[in-house]
Amino acid sequence: MTDDARPQVLAIASVTAVSTIDGGDTLAAEVSGPDGGTIFLLIPLGAAGALITQLTDAAERGAQERRLHSQGRRPSPEA
C-alpha cells in the first residue's frame, strides 16, 4: 500500500456460511454486508488461524472493558 492509498473498510452484518475450498487449504466465508449484499472472503488456512487468535484476544479484551464499564471503572492502560 502506498502512502496516498486509502484503507478499504469492509463492514460485516452477519456470517452466512463458512466452507473449505482448494482441498482444505482455504476457507470461503460468505458474509452479509449492512446493505444486505453478499460478500465472499477467501482466507488461506494459515491466515485464518492468526485471524481466529486475534479475534478471540480482541473479543476477550472487549468483554473485560464492558465489565469494567458496567462497574463504573476504567480499564488500566496496560490491559
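Scroll up to find the structure this text is about.
Residues numbered from 1 in each chain as written. Predicted model: local features only at pLDDT ≥ 70, side-chain atom pairs only at ≥ 80, totals over all residues. Heavy atoms only, no water.

(A) Broad picture of the pairing of strand β1 (residues 14–21). Here seven bridges tie β1 to strand β2 (residues 26–32), and the two strands are oriented antiparallel to one another. Looking across to β2, one finds that I21 is bridged to T26. Joining the antiparallel neighbours β1 and β2 is a turn of four residues, in which D22 adopts a positive phi near 55 degrees. (Pairing = 2+ DSSP bridges. Helix = DSSP H or I, 4+ residues; strand = E, 2+ residues; numbered from the N terminus.)

(B) Just the side chain of S32, in detail. By secondary structure assignment, the location of S32 is in strand β2. Residue S32 is classed as buried on the basis of its relative accessible area of 18%. Here the side chain of S32 touches T16 through a polar contact of 3.4 Å, side chain to side chain. For S32, the residues in contact, after removing those within four places along its chain, are A11, I12, A13, S14, T16 and G37. (Buried < 20%, exposed > 50% of the residue type's maximum accessible area, 1.4 Å probe, protein only. Polar contact = N/O pair within 3.5 Å; in protein donor to acceptor, adjacent residues only side chain to side chain. Contact = heavy atoms within 4.5 Å.)

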